[in-house]
Amino acid sequence: MKNTWLSLALLLSGTTLFAQSNTTLEGKLPDLKEGTPVYLSKMSSSGKPDSVIAGSGNFRFSLNLEEGDIYLLRIGKDRNAAGYLTFFYLEPGSLKVTAKGPLLTDAVYSGSNYANDLNSLSKAAKTEPAFIEASALGKEMNEAYRVKDTIKLKALEKKYALVDSVKNIYYRNWVKEHPASPVSAMVLSFYLREKDMNVLQQQLNTLKPVAKKNALGKKMQHSIDAAKATAIGKPAPEFTQNDTLGRPVSLKDFKGKYLLIDFWASWCVPCRQENPAVVKAFNAYKDKNFTILSVSLDQPGAKEKWLKAIHDDGLAWTHVSDLNWWDNAVSRQYDIRSIPANYLLGPDGVILAKNLRGEELEKKLEEVLK
C-alpha cells in the first residue's frame, strides 16, 4: 500500500511539472558543441537567465510563460564570438530556431504563427541598404570609441543618425503592414522606442488587440499612462516605501515643502557624478522649506553598498528603497527607465519640473523659492 501511494505521488508530481511548462524553444545549430551553456533571459527582467547545456548541435528550453515578451538568447560565455546572441519575441507555445552559419548567424524561426514575422525582420537586417550601412557604421563607431578618436566618433554619429532615421521609416511601415502581429509590439517598444507618448499612443492604437495582448503592449500603455500622471502641473502620484531603517515613508509626509524626488543608485556612475550638484542645492536651500526624498534602485542584497554610497556622497536627507533594482515599485509606478531622474514638487505636491541637472536645479529652486 505504501509503494502504491509513493507511485501515485510521483505520477502526480510529474503531471504537475509537465503542466508548468507551456512553452518550448528548440535550437538546431550545426556548429553548437555539446556541453556549451545556452542562456535565455527576458529583456524586461533583472533576474538570472534560464540556462541549459547544449547537446551536439541542439538545445531545448521548457518554460512557463504568462505572456509574450522580448527575449535574449545567448550561446556560450564568449560575447565576442560570431553569432553569439539574438533578440526575438517569444510567447506561450513552441518556437524553433535553426541556422546554417556559425551559431545564430542567419537564424531562421519556425513553429509559431509569428515566426514568419521574425524572419521578415531578420531578412531586412541583412538585405535592406540602411540596415547594412548602419551595421558598418556601428563597427566603425565602436573602433573609434576604442581608440578614443572623439572627432571621428562625432562625425560617425551624425551619419548614423541619418541612416537610423531611414531604418525607423522601414520599421513604421512594417508595423502598418503587420497590425495583427505581436512582433509589431516588439518593433514599437524595442526598435522604434518612441519618446513622444502621444505619438506612441497613436502607433499603439493602430495595432489589433491580439498584437498588443502581451507584456510589451501593456508596458507601452503603462508608459503612456505614467507620462500623463507625472506630467508637469499634475499632482505627483502617492507612494510609500521603507527608509534605511525599515520604516515606511510616504510622499504625503512631505506636503507643505518643496520636494525633489530623486531616483538614483549606488551602482549608477552618472548618478554619483551628479550627487555633488544635488548636495550643493540641498545645502543652499534646506533652510528655505526645501528637502529631498531619494529613491534608490539598488539591487537585492546590496543594502550595505546603498548605505555606504549615502555616507560617502554626503546625502543628508531621507532615503527609501525596496532594493529591487529596476523592479523598484516606485520607479515602476513613475516609469523610470534611466537614472538619474528627478521631479521637483511644490508644497501642494504638484510637479513643477523634471530632470533638473547640475546648475539647473539651483536656478529652478531660486526661481520658485523667491
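Everything here concerns the structure above.
Every value quoted in this text rests on a predicted model; they were computed, and no experiment measured them.

> What is the right way to read the pattern of salt bridges from this model?
Side-chain pairs of opposite charge can arise whenever the charged atoms involved come near each other. In this structure the tally under the stated criterion is 11 salt bridges. Note that Lys218 is salt-bridged to Glu67, the shortest N-O span being 2.8 Å. Of the two residues, Lys218 is situated in helix 7 (residues 215-229) and Glu67 in the loop between strand 4 (58-63) and strand 5 (69-75); the sequence distance between them amounts to 151 residues. Note that Lys255 is salt-bridged to Glu238, the shortest N-O span being 3.8 Å. Residue Lys255 is found in the loop between strand 10 (248-250) and strand 11 (258-264), and its partner Glu238 is found in the loop between helix 7 and strand 9 (240-242); the two are separated by 17 residues along the sequence. Among the residues examined, Lys255 registers a relative accessible area of 46% and is labelled partly exposed.

> Is there a simple way to think about the sheet that holds strand 1 (residues 23-28) in this case?
A sheet is described by the order of its strands in space; here 4 strands give the open sequence 4-1-7-8, paired in mixed fashion. Taken across any chain shown, the strands that pair with only one partner, and hence form the sheet edges, are strand 4 and strand 8 (108-110). Along the sheet, successive strands turn relative to each other by an average axial angle of 15°, direction set aside. As judged from the 3 bridges shared by strand 7 (residues 93-98) and strand 8, these two strands associate in the antiparallel manner. Within strand 8, the position partnered with Val97 by the bridge is Tyr109.

> Please explain the sheet that holds strand 12 (residues 290-296) as it appears in this structure.
If you walk across this open sheet you meet the 5 strands as 13-12-11-14-15, and the pairing is mixed. With partners counted over all chains shown, the strands left at the sheet margins are strand 13 (318-320) and strand 15 (351-354), one partner each. Averaged over all adjacent pairs, the angle separating strand axes in this sheet is 20°, with direction ignored. Note: strand 14 (residues 341-345) against strand 15, 3 bridges, orientation antiparallel. Bridge pairing in strand 15 places Tyr343 opposite Lys354. The sheet strands contacting helix 8 (residues 269-285) are strand 11 and strand 12, and the helix crosses strand 12 at an angle near 155°.

What counts, and where the lines are drawn
- Every chain's residues receive numbers from 1 upward, in the order its sequence appears when written.
- Only residues with pLDDT of at least 70 get local features here, since the model is predicted, and only at 80 or more are side-chain atom pairs given and counted; chain-wide, interface and lining totals rely on the full set of residues.
- Hydrogen atoms and water are omitted, and side-chain values are computed over all heavy atoms in the structure.
- What counts as a salt bridge is simple: a side-chain nitrogen of Lys or Arg found within 4 Å of a carboxyl oxygen of Asp or Glu.
- Put simply, DSSP H or I for four residues or longer makes a helix, DSSP E for two residues or longer makes a strand, and each gets a number counted from the N terminus.
- For every residue, the accessible area (1.4 Å probe, protein chains only) is compared with the maximum for its type, and the residue is labelled buried under 20%, exposed over 50%, or partly exposed between those bounds.
- When DSSP finds two or more bridges between two strands, those strands count as paired.
- With axes taken as lines fitted to C-alpha atoms, and helix axes fitted only over the stretch in contact, angles between N-to-C directions fall between 0 and 180 degrees.
- By the convention used here, residues are in contact when the closest approach between their heavy atoms is within 4.5 Å.

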